[in-house]
Structures are given as structure tokens and as C-alpha cells.
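Spelled out from the first residue to the last, the chains are:
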Amino acid sequence: QMWEEIQSGVILQDPTRLIRFVLLTFADLKKYHYYYWFAFPALKFPEKCSYVEPPIFLQQKLSQAQLLSLMSAYDKYQASKLNYSAYFVVCDNGDSYSVHDLAEIDQLLSHPQNIMFGVCDPSSVQGCPGWPVRNLVTLLTYKLAGKLHAVTVLCLRDRTHSGSRDFGRSLVVSVEFPELQEKELMVVPECVGWEKNERQKMGPRMVNLSGSMDPIRLAESAVDLNLKLMRWRLLPDLDLDKISSTRCLVLGSGTLGCNVARLLMSWGIRHITMVDNSKVSYSNPVRQTLFTFQHCLEGGQSKAEAAADSLRNIFPGMKSTGLNLSIPMPGHTVTDSILNQTKDQVKKLEILIDSHDAVFLLMDTRESRWLPSLISAAKKKIVINAALGFDTFLVLRHGVKNDQIHEPQTSILDNKVIPGSQLGCYFCNDVVAPGNSTKDRTLDQQCTVTRPGISMIASALAVELLVSVLQHPLGSNAPADTIPEDDHLAKDSGSSLGIVPHQIRGFLSRFHQILPASRAFQMCTACSGLVIEKYEKDGFDFLLKVFNEPGYLEDLTGLSAMQDATADLEVWGLSDDDDLSSGPGSLEVMEN
């Protein structure tokens, strides 16, 4: 490129093109090693160039008065330029000097003995001009060979020594032009200029900045590298800021809770609150990934606090806290002795849910999920529910009712899609209220027994479901596909991550998953409008009735009346000849 510009004459109009540089860089962002390699291209044209006489200092050629005159002319010339000019022509006018642009070379050649071609020389070696001089000689050789036998070059070294300006150490060299063949002017000359590294080898230099940086800051930029690459290479619409700013409340710090917290951290979520009321036992660390043997010693540490500490140990930038809290449950009687304690627990849970954006329900029992489901529905929070069987699992997102969006309540047969605000919660498919599921059960029956891989699968799907909700343009109102075999929604979901299902039900015995969806049940004991209205109106008094009075929720929502009506239908559906165990009356009721 430089050679073409010399041939075309562009260089004369813009001599800065003679002092280009090339920089190759590579940043190892994992290790904070930065590699760089400079090249200052210098054309080897002519191949050999000789001095007419050895270089001399400018102060040996000029008197002090002449030096001052030259300095004045040079300063005046540079002051007239918008940008600093590295190449110029010095003209000796007898009693003074003047400095001109290279573009005026043809006019100035009428008296070649009175001119010097100047270049700002960066070299500090006493008798050796710097690399920019070589490119000037290349230009002059191409332009003047055959017209002049030799030229004088001023290698200007404008230095300051002991507080005073010094022009006198500049070099003056006389260069002789060789005889050139016509074909030499047509061939692109060789080029040199790559810098050697600190080992004096032809290769890049490296700066290691890892030792001078804060390890926590290093970790902060490194842990999200995978997410940034994901957005850069595959998902340019991925909103990482929205994900990272989401505050997550994880209720249950067991097998599911530990895995969910780890995966939330992998997605860049930094604000996680862990809640549990139990301690780490010796059976936990092999299944619950945030605990170690040390957490089991001396009676065991609090699960929630140990899990939060482990998150910060994995990545110090985590804003994780652990809270030891029991959640009041329907069917678990609240006596006078624990009334104030229960009030405090409810208040803390309300504050926790109110201060977070998404809630994960990962507890062991069905009834422990009721109160968080109700509070979250009232406060319109995103809820992700995960439950395990021996070889089955359920991952479900609760519908978030939106007062500003009023979709028509159509039948599931009328369309393939249910809006997110009309989706059911964990309790919407139940026709009985939650009760004490641990009553009259032995210790082994109270423990959740599952295949080890189930919790990993369910945890991963729960976190991915939350991220899909966050990335969808409609957020929590993202529709759910009711016919998973049809991929129409996957193509037109409006989200770079695809569809946002309502439920994911897995069957590990068949390695199979289905994606059912259901609408909110108007008699639901947790998210129906009647229950939410009663909770918002009566507060803890309403909750106390639910805790202490079996059947209260069923009477309130109308489930009791529905069960009575169903019983009446069963009686009318049986004839005198029907067999009670296998008669068609029971089937008729089920079909109805």
C-alpha cells in the first residue's frame, strides 16, 4: 500500500502515510495475558544505499546563529500546521532558513544544493538514523533517481537537555542514489520492521496483568464470560442485565434448592436468598451440592446459612444470604404458645417475597407450598415450582394475574395457547385443600426417595424456565402451548430462547417428558380471587383459620359444595343392579 501511494504521488500530499505502524494483539481474557507485536514498516528500496560522507551533527555544519534561524523557521512551519508534520523540506536562503511541505519539492529543486530533506528522527543512537529516514530515502529515490546524484537529509532530533532545547544533536547525512533499472521501479520492494521481543526473537511481547488485579474483580469479569460469548455468538437479543438484576428467593435448601442456586449463579444471577429450617446431616452432602462433610459436624450447620456461605465461597461477588425460617402450613395447628412466633414467621415470609422478583418453591411437603403460593399470587411475583417423585418430576410456573391485561376466558379447546396471566398454580388441579401430609407417617415415609438424577434434571429445567420467562417479551404473561407436538409456538414465540411452557412433567422410567398446560381454577385454594381477597382483607386472622380449621378453605372456595354435588351425582348414577366396585355409575361421574 505504501509503495502504491509512492508511485501515485499521494505520499507527497500526505507524508504521514510514510510512518504507518501495524499492531497485532491478542487478549487471553481468562488469564489476563495480553500479547502484542508492533511493526514499523520500512521499505528496502533501494536494496543498498550509501553515504556520500559519514553522518555529522547539525551543530558541526551550522553556526549558532544559523541553528537559531533554523529553529525559528521550523517552529513557525509546525505552528502553521493543523497536525504535526514529520516530513518537510529545509531551504537555505543565504541569511535565513525557510521550511516547506514535501509537496513543493518540484519547485524547490531549481537549486538542489540549497535544500535539505527533513524528517523527525526518533532514534537516540548517535550515528544511526531511525527507521522513518529509510522510507523518506525510498520516496526520494523513486522520485529523484536519474535527476539528482545525491541528496542531503536532516534527521531532526528536537531534544531537551538540562532544561534547554537542543537542535544541535540532529544528524546531517548525504545519501547517494544508485543507478536503477526500469524494472526495479515496477516491482514492490521488500519490507522490514517487525519488532523483536524481550528475548530478541521475532515474536510478540506479553504483559501479564493477572498479578496486579484484584482476584474478586478478576472473578467478576471471568464468571460471566460464557454468558457474554453466548450473546455475542448465538443470541444477540439475550438481555443479560435483566437476568443478573433478578432477585431470587429459594424456599428449600435441600437437594433441589442447592442445585437451583448453583444454576442461577451460572446464569449470572447474583442476588439469592436461601431459606430452610433444618440442619445439614451426614446423608446430605453426596446429594446436595452446596454442602460438604464439614457442614455436618457438631450437630450440623443451618442449611440455609451453609448454602449461602458456599455460594459466596464459589464466587465472592454473590449477594447470598441464608435465613433459618419455618413456614406455617395448613393442617399444622397453631397453638397459643406459638401464636406470636407464627405471626413473626408469616411477616418475615411476606417481607421476603415482597423484596424478591422470583420465588422458587422447593420444599418437601405439599402444604408447605401453600402460604408462599398465596402471598406470591397476591403480590404478583413469578413463582417456579418443582416437585419430585421416585422417578417422576414436575416443574411448573404459576400464572401471574395482571390487572391491566384482560384476556377472554375461552375454553382450552378454543385455542392452542393459554396467556400467562390465566395459567394455574400448583394447587389448581386439586379438589381438596392442603393438609398435614406427614401425619401418622413413619420417618422413612416422610423422607423423599428419588432417583439421584431426578433432582438435577428438575433443577435445571426450573432455572431454564425462569430465564425463558425473563427473556420473553411478555415476561410472566408469556403464553403456554397446550399442544407440545405442534411446533408453531416455538417458531413464533417471540423469544430467542423458544417457548415458555406451563408445566414440564418428566418420567425417568421412560426417559420421557410432556408439556401440559391448564388454566387457573376458580375454586383454587391458593390463587383464586376469593382466597386472595380474603387474605388481603383479613391478613393473619384468615391464615390462622386456615392453619387451625380443617375444611375451612374448602368451604370458602366452594370445593365442599362441589364435593357434595358430586356425591349426589354418584348416588343418582347407581341403579339397584349396579356393582359398587365396578359399576358404570362411577365412570359416568368421572366422565362428567
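The residue count restarts for each chain, going from 1 along the sequence in the order it is written. The predicted origin of the model limits local features to residues at a pLDDT of at least 70 and limits the giving and counting of side-chain atom pairs to 80 or more, whereas totals for whole chains, interfaces and linings rest on all residues. With hydrogens and water set aside, each side-chain value is computed from the structure's full complement of heavy atoms.

Chemist: Before we go on, may I ask you to explain the confidence of the model for the protein chain in this structure?
Modeler: Any segment with low pLDDT has predicted coordinates that should not be analysed in fine detail. Per-residue confidence from the predictor is given as pLDDT, running between 0 and 100. Model confidence for the protein chain is summarised by a mean pLDDT of 87, while 90% of its residues fall at 70 or above. We call two residues in contact whenever any of their non-hydrogen atoms come within 4.5 Å of each other. Considering only residues more than four positions removed or in separate chains, one finds that residues 410-414, a stretch of pLDDT under 50, has 7 contacts. Counted against residues more than four places away or in other chains, residues 578-592, with its pLDDT under 50, gives 10 contacts.

Chemist: What is the right way to read the sheet that holds strand E15 (residues 319-324) from this model?
Modeler: Within a sheet, neighbouring strands are paired by backbone hydrogen bonds and run either parallel or antiparallel to one another. At least two bridges found by DSSP between two strands are what make those strands a pair. Numbering of helices and strands starts at the N terminus; helices are DSSP runs of H or I of at least 4 residues and strands are runs of E of at least 2. Across the sheet, 8 strands lie side by side as E15-E14-E13-E16-E17-E18-E21-E22; this open sheet has mixed pairing. The outermost strands of the open sheet, each flanked by one partner alone, are E15 and strand E22 (512-514). This sheet shows a mean twist of 15° between the axes of neighbouring strands, independent of strand direction. Pairing of strand E21 (residues 503-507) with E22 involves 3 bridges; the strand directions are antiparallel. Counterpart to Gly506 in the pairing with E22 is Gln513. Lines are fitted to the C-alpha atoms to define the axes, a helix being fitted only along its stretch in contact, and any angle between axes, read from their N-to-C directions, falls within 0 to 180 degrees. Of the strands in this sheet, strand E13 (247-251), strand E14 (271-276), strand E16 (358-361) and strand E17 (382-388) touch helix H10 (residues 255-266), which is tilted by about 175° from E14. The strands touched by helix H12 (residues 339-354) are E13, E14, E15 and E16; relative to E13, the strand with the most contacts, the crossing angle is about 145°.

Chemist: Help me out: how do you make sense of unusual backbone geometry in this one?
Modeler: Leave glycine aside and you will find that most residues have negative phi; peptide bonds, for their part, are mostly trans. Note that the residue after Phe45, namely Pro46, is joined by a cis bond; omega there is -5°. Note that Pro46 resides in the loop between strand E2 (33-43) and strand E3 (50-57). A positive phi angle, close to 55°, is found at Lys380, a residue other than glycine. Mapped onto the secondary structure, Lys380 falls in the loop between helix H13 (370-379) and E17.

Chemist: How should the environment of Gly435 be read in this particular structure?
Modeler: Here Gly435 shows up in the loop between strand E19 (417-418) and helix H14 (443-446). Only protein chains enter the area calculation, which uses a 1.4 Å probe; residues under 20% of their type maximum are buried, those over 50% are exposed, and those in between are partly exposed. In this structure Gly435 comes out as partly exposed when scored by relative accessible area, which is 29%. Sequence-distant contacts of Gly435, that is, excluding residues within four places in its chain, are made with Pro330, Gly331, Arg366 and Glu367.

Chemist: I keep staring at the packing of H10 against helix H15 (residues 452-471) and nothing clicks. Help me out?
Modeler: Direction vectors running N to C along H10 and H15 enclose 45°, while the axes themselves pass 9 Å from each other. Accordingly, the angle class assigned to the pair H10 and H15 is oblique. For H10 against H15, the interelement crossing comes out right-handed. Packed against H10, whose contacting residues are Thr255, Leu256, Asn259, Val260, Leu263 and Leu264, the element H15 presents Ser455, Met456, Ala458, Ser459, Ala460, Val463 and Leu466 at the interface. Under the grouping applied here, Gly and all other residues not named as nonpolar or charged are polar, the nonpolar ones being Ala, Val, Leu, Ile, Met, Phe, Trp, Tyr, Cys and Pro and the charged ones Asp, Glu, Lys and Arg. Within the contact of H10 with H15, the residues separate by chemical class into 9 nonpolar, 4 polar and no charged. Roughly parallel covers angles under 35 degrees, roughly antiparallel covers those over 145, roughly perpendicular covers 65 to 115, and oblique covers all other angles. Throughout, a crossing is termed right-handed when the near helix is turned clockwise from the far one, and left-handed when it is turned anticlockwise from it by less than a right angle.

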